[in-house]
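Listed below are the residues making up each chain.
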Amino acid sequence: MRTARPPRTEAAPKGPGGEPLVGERYEVEVGPVAHGGGHCVARHEGRVLFVRHALPGEKVVALVTEGTTKSRFLRADAVEILEPAKDRIVPPCPFAGPGKCGGCDWQHVTPGGQRKLKVQVLTEQLAKLAGLTPAEAGWDGSVEPVGGKLPAGQVPAWRTRMQYAVDPASGKVGLRKHRSHEIQPVDRCLIASEGVTELGIESRDWPGVATVEVIAASGSSDRQVVLTPESGAQLPLVELDKPVSISRIDDQGNVHRVHGRTFVRERAAGRTWRVSNGGFWQIHPEAPDTLVDAVLDGLDPQWGENALDLYCGVGLFAGALADRVGEDGAVLGIESSKQAVIDARHNLAVLDNVRIECDRVETLLPRTGITATDLIVLDPPRAGAGRETVAHLAGLEARRIAYVACDPAALARDLAFFREGGYRPVSLRAFDLFPMTHHFECVAILEPVGE
């Protein structure tokens, strides 16, 4: 029998102090877009405001959502648009807007306007953190659209993986509000792929469940639902309209099969890829082929070359490289996720010229004894590779390095570290693989400065 614990006294939150300004309204002129969070910079009486749901050049009424009289900056939402920008549109999604779903940042912006904002962010980060102009980075100054052109007002349904939060009171699913644990109930997410939508997750109740992750493979008909139960709760019986595999996550974060497969099959780069237990795979259905093509075009692998694929996941780039360097070449992939390594070895088992090792890149790479290689691909997590790993890679004297980045600030910082190691970007491409959000993906190709 579990005894009740006495109520815990919450410690006073640490912060800047001062009088709260939440709820204050300021009329402001909106300045440039800022990196991260889908907000723009404004000022009121000398204090910086990071304002969501605004656009550069607009005049808006900003409602303060975070901050006090002693805060270095305030966060706010544009709740009234006094002078709109020409790229502003009415958000197609009824759940987008101040105080609502935090999943999309720029539902109120035309597709072309969204890409212009991303161009401005990348330009600023390259200048501020790498000291590079677009020309010096080998970048044409565009963020390339991916996917076909849609009719005006239609939202691209690109997200093949969704994680819904469940309202414990109602059992209904929703999405988190921006910087909040509060849940915005939704009956449909417009950016969710057709494969996700067809399962009807939003139309049923999920008693005893904390989160519902939905995976709709773009390379097969595989569908997977991964449930996280509330502590001590029993999973409900799941009956959906389409064939689907069900897994659950325990209190330690381990994934267990309930029924069906524990993996989905994706298709990219001429192969079928097994991705298990909700492991990492690009969310946009066209992202894997888009990124592989950009990496191969930039590296131009030759028969017999040796290559490294770092943070290799389930082996996407390693497989593509192995095909190009052939049986006389060799590819080493390094990945820290044990399940991803198991999948990568399964996916590439027919290739004798690939080896996949499980460890952190910064830990294993110095122990491999590798002192030189021809090509390197790295696709690090959002924080980037960092100075120490970059210095080690620069010492391997690769003729070309492909850096795949999901965060422009981390990319720019690492480009500066590569410059210290004698490498410069010769090309940079940016892809709009996350429409309606502030995110985008980059592929930079680097060469030794002397070449």
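Residues numbered from 1 in each chain as written. Predicted model: local features only at pLDDT ≥ 70, side-chain atom pairs only at ≥ 80, totals over all residues. Heavy atoms only, no water.

Regarding the environment of Val 22
Tracing the backbone shows Val 22 in the segment before strand 1 (25–33). Considered as a pair, Val 22 and Thr 65 are 43 residues apart in the sequence and their alpha carbons are 5.0 Å apart. The contacts of Val 22, once residues within four sequence positions are left out, are Val 64, Thr 65, Glu 66 and Gly 67. (Helix = DSSP H or I, 4+ residues; strand = E, 2+ residues; numbered from the N terminus. Contact = heavy atoms within 4.5 Å.)

Description of the nonpolar core
If you look at the biggest cluster of nonpolar residues, it comprises 74 residues, and the most contacted ones within it are Tyr 164, Ile 201, Trp 206, Val 212 and Val 225. In this structure Tyr 164 touches Val 173, Gly 174, Leu 175, Val 186, Val 196, Ile 201, Glu 202, Ala 210, Thr 211, Val 212 and Val 214, once residues within four positions along its chain are discounted. (Core = buried A, V, L, I, M, F, W, Y, C linked by side-chain atoms within 4.5 Å. Buried < 20%, exposed > 50% of the residue type's maximum accessible area, 1.4 Å probe, protein only.)

A short note on unusual backbone geometry
Positive phi is not limited to glycine here, since Asp 300 has a value of about 50°. Along the chain, Asp 300 falls in the loop between helix 3 (287–299) and strand 16 (306–310). Notably, Met 436 is not glycine yet its phi reads approximately 75°, a positive angle. Tracing the sequence through the fold places Met 436 in the loop between strand 21 (423–432) and strand 22 (441–448).

Some words on the pattern of salt bridges
For the structure on display, the rule yields 24 salt bridges. Residue Asp 222 pairs with Arg 261 through a salt bridge whose shortest N-O separation is 3.3 Å. With Asp 222 in the loop between strand 10 (209–216) and strand 11 (223–229) and Arg 261 in the loop between strand 13 (255–259) and strand 14 (263–268), the pair connects residues that are 39 residues apart, well separated along the chain. Its relative accessible area of 6% is what places Asp 222 among the buried residues. The partner of Arg 265 in a salt bridge is Asp 222, and the shortest N-O contact between them spans 2.8 Å. Of the two residues, Arg 265 is situated in strand 14 and Asp 222 in the loop between strand 10 and strand 11; the sequence distance between them amounts to 43 residues. Through salt bridges that share partners, Glu 29, Lys 59 and Glu 83 make up one connected network. (Salt bridge = Lys/Arg side-chain N within 4 Å of Asp/Glu carboxyl O.)

A look at the layout of surface pockets
A volume near 660 Å³ is recorded for the second largest pocket. Contributing to the lining of the second largest pocket are 28 residues, with Pro 111, Gly 148, Lys 149, Leu 150 and Pro 156 lying nearest its centre. Residue classes in the lining of the second largest pocket are distributed as 17 nonpolar, seven polar and four charged. (1 Å grid on protein atoms, 1.4 Å probe; cavity = no way out; pocket = protein on both sides within 12 Å on 5 of 7 lines; lining within 4 Å. Points joined across faces, edges and corners; volume = space filled by probe spheres on them. Nonpolar A, V, L, I, M, F, W, Y, C, P; charged D, E, K, R; others polar.)

Quick word on the environment of Gly 174
Tracing the backbone through its elements, the reader meets Gly 174 in strand 8 (residues 173–176). For Gly 174 and Glu 397, which are 223 residues apart along the polypeptide, the C-alpha to C-alpha distance reads 49 Å. For Gly 174, the residues in contact, after removing those within four places along its chain, are Tyr 164, Ala 165, Ile 183, Gln 184, Pro 185 and Val 186.

Focus on the sheet that holds strand 11
Sheet strands line up and pair through hydrogen bonds in the backbone, either parallel or antiparallel. With respect to topology, seven strands assemble into an open sheet ordered 9-8-7-10-11-12-13, the strand pairing being mixed. One side of each edge strand has no neighbouring strand; the edge strands of this open sheet are strand 9 (183–185) and strand 13. Averaged over all adjacent pairs, the angle separating strand axes in this sheet is 35°, with direction ignored. Here strand 7 (residues 161–166) runs beside strand 10; their pairing, made up of five bridges, is antiparallel. Across the sheet, residue Gln 163 finds its bridge partner in strand 10, namely Glu 213. (Pairing = 2+ DSSP bridges. Axes fitted to C-alpha atoms, helices over the stretch in contact; angles between N-to-C directions.)

Section: the sheet that holds strand 5 (residues 73–83)
Read once around its circumference, the closed barrel built from five strands follows the order 1-2-3-5-4, with strand pairing classed as mixed. Within this sheet the neighbouring strands show an average axis-to-axis angle of 50°, counted without direction. The pairing of strand 1 with strand 2 (residues 39–44) spans two bridges and is classified as antiparallel. Residue pairing in the sheet places Val 33 in a bridge with Cys 40 of strand 2.

Structural notes on the side chain of Thr 68
Considering the arrangement of structural elements, one finds Thr 68 in the loop between strand 4 (59–66) and strand 5. Assessed through its relative accessible area of 15%, Thr 68 is described here as buried. Here the side chain of Thr 68 touches Gly 17 through a polar contact of 2.4 Å, landing on its backbone oxygen. (Polar contact = N/O pair within 3.5 Å; in protein donor to acceptor, adjacent residues only side chain to side chain.)

Re the packing of aromatic side chains
All told, the structure shown has four aromatic pairs when counted by the stated rule. Here Phe 50 and Phe 73 contribute two aromatic rings whose centre-to-centre distance is 5.1 Å and whose plane-to-plane angle is 70°, an arrangement assigned as edge-to-face. Here Phe 73 lies in strand 5 and Phe 50 lies in strand 3 (residues 47–52), a separation of 23 residues in the sequence. Ring centres of Trp 158 and Phe 434 lie 5.8 Å apart, and the angle between their planes is 85°; this geometry places the pair in the edge-to-face category. (Phe/Tyr/Trp six-rings, centres within 6.5 Å; stacked < 30°, edge-to-face > 60°.)

Things to note about the pairing of strand 11
Burial of strand 11 is extensive: six of the seven residues sit out of reach of the surface. In sequence, strand 10 turns back onto strand 11 through a hairpin of six residues. Looking at chain direction, strand 11 and strand 12 (residues 245–249) are connected through four bridges and run parallel. Bridged to Gln 224 within strand 12 is Ser 245.

Details of the pairing of strand 3
Across six bridges, the pairing between strand 2 and strand 3 is antiparallel. Considered in strand 3, the bridge of Val 41 is made with Phe 50. Between strand 2 and the antiparallel strand that follows it, strand 3, lie two residues; Glu 45 among them carries a positive phi value of about 50°.

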